[in-house]
Every structure is written in structure tokens, then in C-alpha cells.
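# Tertiary structure, described
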Amino acid sequence: MPMYSSIKKIKDTSERDRIIEKLLALRDQLDRQIPAKTATDTLLLATWNIREFGDNRNNESLHYIAEIVSRFDLIAIQEVASNIDGLCKLVTLLGPNWDYIVTDSTEGTAGGGERMAFVFDRCKVFFRKMAGEIVLPQTKLVEGALQFARTPFCVAFQAGWFRFILTEVHIYYGTSDKNNPRRVEEITKIATFLKDRAKKEGENYILMGDFNIFDTTDATMKALQGQGFHIPTAIQEVNTDLGKTKHYDQIAFNLKIDNNMTVFSEGKQKAGTFDFTQTIYTPKDIATYRKYFNEKTIKNKTEKQIESYYLTNWRTFQISDHLPLWIELKIDFSNQYLKNIPTNK
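These notes cover the structure that comes with them. (Residues numbered from 1 in each chain as written. Predicted model: local features only at pLDDT ≥ 70, side-chain atom pairs only at ≥ 80, totals over all residues. Heavy atoms only, no water.)

The element strand β4 (residues 115-121) is largely enclosed, with a buried count of 7 among its 7 residues. Relative to β4, strand β2 (residues 74-80) runs antiparallel, the two sharing 5 bridges. Its bridge partner lying in β4, Val80 is registered against Arg115. When strand β3 (residues 98-102) meets β4, the two strands line up antiparallel, connected through 5 bridges. Note that in β4 the partner of Tyr100 across the bridge is Val119. (Buried < 20%, exposed > 50% of the residue type's maximum accessible area, 1.4 Å probe, protein only. Helix = DSSP H or I, 4+ residues; strand = E, 2+ residues; numbered from the N terminus. Pairing = 2+ DSSP bridges.)

Rendered as C-alpha cells:
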């Protein structure tokens with residue numbers, strides 16, 4: 001669980017009381033909607049685009065983000081800023097058992113100076129000493145001349161019996177065209193690259209992150225699934241943006257384990273998003289936070305415009321404009337392994 005000791009040091013009693021009240025409500029919601037962690041049976045894996053995540057959150061928001069992240073064993077985070085002070089503060093709040101691996105910042109207009117990170121609980125997950133960013137060979141460049149706008153991040157982990165390589169992406173957005181050609185090609189390129197590598201190495205690959213997929217019927221989604229990656233129905237059915245209209249974020253699998261070792265079973269295990277706005281930064285909280293708004297931003301605006309600013313802008317820079325997407329995976333295959341060992345007859 002996150003470290004709460006810093007809350008006692010908040011001098012503003014109304015702020016301190018609010019954070020305590022909201023954390024208790026958030027914890028209750030998490031208890032109801034996210035499966036409990038297990039010691040060895042399951043892995044709770046998540047991906048979350050935390051909007052422009054630098055040293056730009058207030059102390060209150062960092063506590064809420066830490067509370068949410070702490071409910072998972074391993075989480076991929078996109079849009080980490082070149083200044084990683086915010087990420088470091090988050091990991092400090094999570095406690096001494098937590099660690100992170102982060103990419104270098106991506107230069108250029110398309111990359112926006114972003115980093116990608118994996119944050120993980122070392123009590124459950126260990127780093128298998130392999131990490132790298134994927135660079136395409138000269139003959140397979142995007143549009144014949146380009147690398148990925150943001151270089152995919154590939155890291156090897158293990159939890160229980162399950163050895164896997166996670167590849168995190170933040171795919172090019174470009175225009176609002178749902179089938180933007182470069183976006184479709186980036187997805188096709190990374191899925192093809194990993195499919196070929198999985199076949200060659202016999203490793204389990206999980207591809208996750210922000211694909212900027214608008215709808216599951218779009219060419220972007222077909223590009224991902226067309227290369228042998230499986231996306232559970234429970235993941236496909238949910239929208240991951242704050243407005244709940246898009247399928248931006250995805251978790252897809254290309255696994256090379258025995259058929260009787262099922263990592264995810266539809267109906268038996270759970271997956272979904274977590275809508276934090278049910279308890280924190282809710283629509284009715286606008287009056288509480290109005291004093292924190294930039295006065296120049298809301299000057300001469302109507303009450304309706306100010307409400308829109310709070311819902312679609314201010315609170316998204318405190319938490320995010322994306323919802324965390326998560327899945328519960330089975331990682332204990334002790335019985336299956338024992339049954340596969342040949343016996344004397």
C-alpha cells in the first residue's frame with residue numbers, strides 16, 4: 001500500500017481532511033472493482049496513459065495516482081515527461097518494494113519529449129535483465145523512411161511461472177482520421193516485428209499501451225489483430241478515454257506456452273478499466289477545486305464554460321484523460337507442470 005505519512009504534514013486542515021476522505025472512498029471503490037492481489041496465483045497487469053506526467057501534479061493528485069497504481073503488480077505508463085521528478089515522487093509514495101524502468105525522452109515534434117515507463121512491485125515481479133527500445137531495420141521503416149514516432153519499449157519480466165516480454169507503445173496520433181495511414185502502419189510494423197521475434201525466440205510477448213485506436217472495427221484494430229496478437233473480449237469491450245467513446249488503449253498477447261497453461265480465461269478472470277472519476281475529481285467537486293483554477297484561464301467565461309474547463313482540462317492534468325486498463329493473469333502452473341513430467345510405467 002502507498003505511504004501515507006506525508007499527509008500528516010499538510011498544514012491546511014481542510015485539504016488534509018479532504019484527501020483522507022477521498023482516499024477512503026477511492027480505496028473502497030478499488031476494493032469493489034479491482035481483484036485483490038495474490039501472493040503467487042495471479043498477476044494484475046495494467047497500462048495507463050497519464051497525461052503529460054511530469055512534476056506537475058499537486059500533492060493530493062499524486063496520492064490518488066499512487067493509490068490506483070498500487071492495486072496492480074505491474075503497470076505500463078505512457079506520457080512520462082522528460083523531467084521524471086513526478087514519476088520518482090510516485091514511486092516514493094508507493095513504498096520501498098516498488099521500482100521502475102524508464103526510457104530516454106523522445107525528441108522531435110511527434111515524440112513530444114515523452115518517455116515510457118514500467119512501474120512494478122518487486123514482491124511479485126522481477127526484471128529479467130533485458131530491456132531495449134525497438135529500432136526498425138532500414139528495409140522496414142514506416143512509410144519507407146521513418147522510425148516510430150515514439151520508440152516502443154521492450155522489457156523482460158517474470159512473475160511466478162510466467163516469463164514474458166512486455167512491449168509498451170504510444171502509437172502516432174497525427175490527424176483525427178480514425179484510420180490515419182501512419183498510425184495504421186506503425187501498429188502493423190510493431191505487431192509484425194514482435195510476431196516474427198516471438199516465432200524465432202519462442203518467448204511470450206505482451207503488447208500494450210496507447211494505440212490511439214478509435215473503435216474496434218477500425219483498420220488500426222485489424223492491423224493489431226492481423227499479426228497474430230489476441231485481445232481478450234473483456235479488453236475489447238471497454239472504452240479507455242475519460243469520455244468513454246474511444247478504444248485508445250489495448251493489451252494484446254502472442255503467447256508460446258503449453259495449451260493447458262491458460263494465462264487468461266474469459267469469464268474466470270477479470271479485465272476492464274477503472275473510472276476514478278466516480279470518487280475523485282467528480283463533476284460535483286468543481287466548487288471545491290475552483291480556487292485552484294488559473295484565473296486568467298477562466299476570466300470572462302460562463303459557468304458552463306468553466307465547468308467544461310474543469311471536466312475536460314483541469315482535472316485531466318491532475319489525474320489523466322485516459323482510464324487505467326487492466327487484466328488479471330494466471331501465473332501459477334504448478335499442477336500443469338507436474339502432470340507433464342513423464343512417469344515410469
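Having put the structure on the table, let's press on.
Turning next to the sheet that holds strand β10 (residues 271-273). On the basis of which strands lie adjacent, the open sheet formed by 6 strands has the order β3-β4-β2-β1-β11-β10 and mixed pairing. Unpaired on one side and paired on the other, β3 and β10 mark the two borders of the sheet. Between one strand axis and the next, the sheet turns through 20 degrees on average, direction left out of account. Where strand β1 (residues 42-53) lies against strand β11 (residues 325-330), 6 bridges are found, and the strand directions are antiparallel. Directly across from Thr47, in β11, lies its bridge partner Leu325. (Axes fitted to C-alpha atoms, helices over the stretch in contact; angles between N-to-C directions.)

Moving on to the packing of helix α1 (residues 13-33) against helix α2 (residues 59-69). One can describe the packing of α1 onto α2 by two numbers: an axis separation of 10 Å at closest approach and a directional angle of 20 degrees. Between α1 and α2, the angle is such that the two are roughly parallel. Here α1 and α2 pass one another in a crossing that is right-handed. Contact residues: α1 offers Arg18, Ile19, Lys22, Leu23, Leu26, Arg27 and Leu30, while α2 offers Glu60, His63, Tyr64, Glu67 and Ile68. When grouped by side-chain class, the residues that make up the contact of α1 with α2 number 6 nonpolar, 1 polar and 5 charged. (Parallel < 35°, antiparallel > 145°, perpendicular 65-115°, else oblique. Left-handed = near helix turned anticlockwise from the far one by under 90°. Contact = heavy atoms within 4.5 Å. Nonpolar A, V, L, I, M, F, W, Y, C, P; charged D, E, K, R; others polar.)

By the definition in use, this model includes 0 disulfides. The cysteine Cys88 is free of any disulfide, with Cys123 supplying the nearest cysteine sulfur at 20 Å. (Disulfide = S-S within 2.5 Å.)

On to the environment of Pro96. Relative to the assigned elements, Pro96 resides in the loop between α3 (85-94) and β3. C-alpha separation for the pair Pro96 and Lys11, spaced 85 residues apart in sequence, amounts to 26 Å. Those residues in contact with Pro96 that sit more than four places away from it in its chain are Met3 and Arg122.

The 5 strands are arranged β5-β6-β7-β8-β9 in an open sheet whose pairing can be described as mixed. For this open sheet the edge positions go to β5 (126-133) and β9 (249-254), each flanked by a neighbour on one side alone. On average, each strand axis in the sheet is inclined to that of its neighbour by 20 degrees, with strand direction left out of account. Where β5 and strand β6 (residues 153-159) come together, 5 bridges link them in antiparallel fashion. Pairing of Phe126 across the sheet is with Gln158, part of β6. On top of the sheet, helix α4 (residues 181-201) reaches β7 (162-170), β8 (205-210) and β9; it is set at about 160 degrees to β8, its chief contact.

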